[in-house]
Amino acid sequence: MGRGGIGGAGLVAAVAKADVENTDSTRGFVKDVKRIIIKVGTAVVTGPNGRLAMGRLGALCEQVKQLNFEGYEVILVTSGAVGVGRQRLKYRKLVNSSFADLQNPQMDMDGKACAAVGQSVLMAIYDTLFSQLDVTSSQLLVTDRDFMDPSFGNQLRETVNSLLDLKVIPVFNENDAISTRRQPYEDSSGIFWDNDSLARLLAQELKADLLIMLSDVEGLYSGPPSDPQSKIIHTYVHEQHGKLISFGEKSRVGRGGMQAKVAAAFTAASKGIPVVIASGFAIDSIIKVMRGEKIGTLFHREANQWGCSKEATAREMAVAARDCSRHLQKLSSEERKKILLDIADALEANEDLITSENQADLDLAQDIGYDKSLVARMTIKPGKIKSLAGSIREIADMEDPISHTLKRTEVAKDLVFEKTYCPLGVLLIIFESRPDALVQIASLAIRSGNGLLLKGGKEAMRSNTILHKVITGAIPDVVGKKLIGLVKNKDEIADLLKLDDVIDLVIPRGSNKLVSQIKAATKIPVLGHADGICHVYIDKSADMDMAKRIVLDAKVDYPAAWVVIYGGPVAHDTLKLPKVDSFHHEYNSMACTLEFVDDVQSAIDHINRYGSAHTDCIITTDGKAAETFLQQVDSAAVFHNASTRFCDGARFGLGAEVGISTGRIHARGPVGVDGLLTTRCILRGSGQVVNGDKGVNAHMKVPERGDAGVFHDKDLAGVGRSAAEAGDMHIAEA
């Protein structure tokens, strides 16, 4: 390592435009890589029929050409010669067979003959593809015997260095045609015994900075890739994974398989050469590895210092949030209030840093070419931090919701039933675009005593990271910084959605597609809305000036916010008009769908059939029509003479919202603190028992233990009225 930066700046610039969400800090070493060895497996080079996979070879050569052009030193180690030769010889033998031969086919082929034929075919293809890309390649065939010569290493390095200086791609393969290795290639006692171990050996001899091994799977799995329970291991830690992995059958072609690759990769990594096993079927795996993206399986000498793998992290993050939430619930109302006030102060104190990180996100989003409405939703405008801090202080000043008593009933003498509010537990919020949502959600979770896991959109990664750092920095150690976890990689979402024993509620905030995908992927209850088709019905008695103001505000004034709040494009929203042609010209320039109905009942029927149960409005001066609309439209929010944009937690006086729910269970409409609470039943007694469901057996004293260790009941009171009979009444006598 330490060979300096790359010769070209193309990939460095490309890193800025890479999928930021998939980048991995543990792969930051790639910025110092210059010399790369790429090993290509037989399953990548050939298709199921044994013929060359020209599409994959073309993509491979394209990536190598790009690296070569940008100053990287690239060395190829390729398998496939024996397989290609066997396919070619089978065809020739079939063509030259007699009818008698065809009746009794003998298709066994000598491996060395196959290698001799296949090697020339394989190199001819590489040469042709590279020539089309204005790149020169060279062939180097080696055997185990070559490395037994003490002088061979120096000769090898001189040749390879000369080729690389001339921008030529060295292509290595074992010379199976003259190899002395015993069939069927199971001799692992030599210096190398397959192209995986050859690639590892060359990486050491040629002092490579990185070895990339391309296979027919995406990386190393915890079990056979065909097993649905198997998960990809992004970073191999020998102490953790060495004895736990079960390997499946070896590849359909080639000598080794994943077990051989892991052995070679682990050995190379222990010598200080990082290795990534990735898919050779993807057209850009090599480029993604060089961008530092989290693909394939990384082997690194320092991996055991990086902590546990992703699979453990997801559960540990959720469990830590639950533990911290229980510490939070132990605090007094004033102590929880102080945490929120400290967060508000911290946001204002770090406003310059927050806006700077937000601007970096905006610059990258504009360079990538994100839609303008998305960029608008990402923007933290001047004054926004102050506004967010003000909202947090409003939430802090609210009545403490935890342990608030909803109902108290004395079901029998000295037997009191209570129903109180209590936190849900751990919330997983998945949101898109808007970093200010992180602040609102975090403040509501703290006020309601819940643990929180947050997954924001990749486009606002830096904004979300700094906001999370500022907020958790204000949380005292007595609660724990892990009360709020920030999930940075989207592949962790799938693992989190399986944790129905730890996470209590998922709230997706975003597009119809996002919400639908989350609902389909988890057993955890999901609170959200999958569509945002909102209607405005203008009754025949409406004040037209009022109608115009409301429609302009609801549909046209701020389409970026409209898309976010209601979850669908403006074109999907509907302006309901009565059949009066003169109204049409007033609205034909708006980004709305115009529909005509006969009367208020027709409007109600249409909305209940085609709406999304989100927010719908009637504009009318007819009080009876208004009440009919408000009572019969089956939506989470129904308005009379008010813009549908009022459907917002802050505007409803909730301080903020974690989202808007169109479901019918637990919470509907904008969800504030109350929507993040559930209830707990508390019963305070004095020794009562149910007495075989015959009623309440009250005033039971504590039994005394006899000499023989047997309990004896004494002084039991008579049976009181049952809880069912008592209802909500106060019972004076048992």
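Going by an unreviewed UniProt entry, the protein chain carries the name Delta-1-pyrroline-5-carboxylate synthase and comes from Oryza meridionalis. In its Function (unreviewed entry) section, the UniProt entry covering the protein chain states "P5CS plays a key role in proline biosynthesis, leading to osmoregulation in plants."

A. Quick peek at helix 8 (residues 195-205). Burial of helix 8 is extensive: nine of the 11 residues sit out of reach of the surface. Taken as a whole, helix 8 has its buried residues at Asn195, Asp196, Ser197, Leu198, Ala199, Arg200, Leu201, Leu202 and Ala203. N-cap assignment for helix 8: the residue whose side-chain oxygen lies 3.2 Å from the backbone N of aspartate 196 is aspartate 194. Two residues or fewer past helix 8, lysine 207 is found with a positive phi of approximately 55°.

B. View of the packing of helix 17 (residues 436-447) against helix 18 (residues 461-473). Helix 18 packs onto helix 17 with a crossing angle of 30° between their chain directions and a minimal axis gap of 9 Å. By the angle between their directions, the pair helix 17 and helix 18 is classed as roughly parallel. As helix 17 runs across helix 18, the sense of the crossing is right-handed. Every residue of helix 18 that contacts helix 17 at Leu438, Val439 and Ala442 is listed here: Asn464, Leu467, His468 and Ile471. Looking at side-chain class alone, the contact of helix 17 with helix 18 contains five nonpolar, two polar and no charged residues.

C. Summary view of the nonpolar core. Leu347, Ile446, Leu452, Leu454 and Ile484 are the most contacted members of the largest nonpolar core, which has 50 residues in total. Counting residues per element, this core draws most heavily on helix 17, which supplies eight residues. Both domains that meet at this core, namely domain 2 (314-404 + 413-521) and domain 3 (535-676), each give it at least three residues. When residues no more than four places from it in sequence are discounted, the contact partners of isoleucine 484 are Ala442, Ile446, Leu452, Leu454, His468, Ile471, Thr472 and Ile475.

D. Layout of empty space enclosed by the protein. In total, this model carries two cavities of 30 Å³ or more according to the counting rule given. Quantified by volume, the largest cavity comes out at close to 60 Å³. Of all the secondary-structure elements, those providing two or more residues to the lining of the largest cavity are helix 3 (54-69) and helix 11 (285-291). Sort the elements by how many residues they give to the lining of the largest cavity and helix 3 lands first, with three residues. Estimated volume of the second largest cavity: approximately 40 Å³.

E. Focus on the environment of lysine 469. Looking at the element boundaries, lysine 469 is found in helix 18. Sequence separation between lysine 469 and lysine 481 is 12 residues; the distance between their C-alpha atoms is 9.4 Å.

F. Local environment of the sheet that holds strand 10 (residues 415-423). Read from one edge to the other, the open sheet built from three strands follows the order 9-10-22, with strand pairing classed as antiparallel. Of all strands in the sheet, those with a lone pairing partner are strand 9 (405-412) and strand 22 (677-684), marking the two edges. Strand after strand, the sheet turns through a mean of 20° between neighbouring axes, direction not considered.

G. Structural detail: the confidence of the model for the protein chain. Averaged over all residues, the pLDDT of the protein chain is 79; the fraction at 70 or higher stands at 77%. Here residues 250-255 is a poorly scored stretch, pLDDT under 50, and it has 21 contacts once near neighbours within four places are set aside; other chains count. In this model residues 587-591 is a low-confidence stretch, pLDDT under 50, and it forms 14 contacts with partners more than four residues away in sequence or in other chains.

H. Up close: the pairing of strand 15 (residues 535-538). Burial along strand 15 is two-sided: the face carrying His535 and Tyr537 and the face carrying Val536 and Ile538 are both buried. Bridging between strand 15 and strand 18 (residues 615-619) involves four bridges; their strand directions are parallel. Considered in strand 18, the bridge of histidine 535 is made with aspartate 616.

About the thresholds
Residues numbered from 1 in each chain as written. Predicted model: local features only at pLDDT ≥ 70, side-chain atom pairs only at ≥ 80, totals over all residues. Heavy atoms only, no water. UniProt positions renumbered as here; feature names shortened; annotations may be inferred. Buried < 20%, exposed > 50% of the residue type's maximum accessible area, 1.4 Å probe, protein only. Helix = DSSP H or I, 4+ residues; strand = E, 2+ residues; numbered from the N terminus. Polar contact = N/O pair within 3.5 Å; in protein donor to acceptor, adjacent residues only side chain to side chain. Axes fitted to C-alpha atoms, helices over the stretch in contact; angles between N-to-C directions. Parallel < 35°, antiparallel > 145°, perpendicular 65-115°, else oblique. Left-handed = near helix turned anticlockwise from the far one by under 90°. Contact = heavy atoms within 4.5 Å. Nonpolar A, V, L, I, M, F, W, Y, C, P; charged D, E, K, R; others polar. Core = buried A, V, L, I, M, F, W, Y, C linked by side-chain atoms within 4.5 Å. Domains from an automatic or database assignment. 1 Å grid on protein atoms, 1.4 Å probe; cavity = no way out; pocket = protein on both sides within 12 Å on 5 of 7 lines; lining within 4 Å. Points joined across faces, edges and corners; volume = space filled by probe spheres on them. Pairing = 2+ DSSP bridges. pLDDT = per-residue confidence, 0-100.

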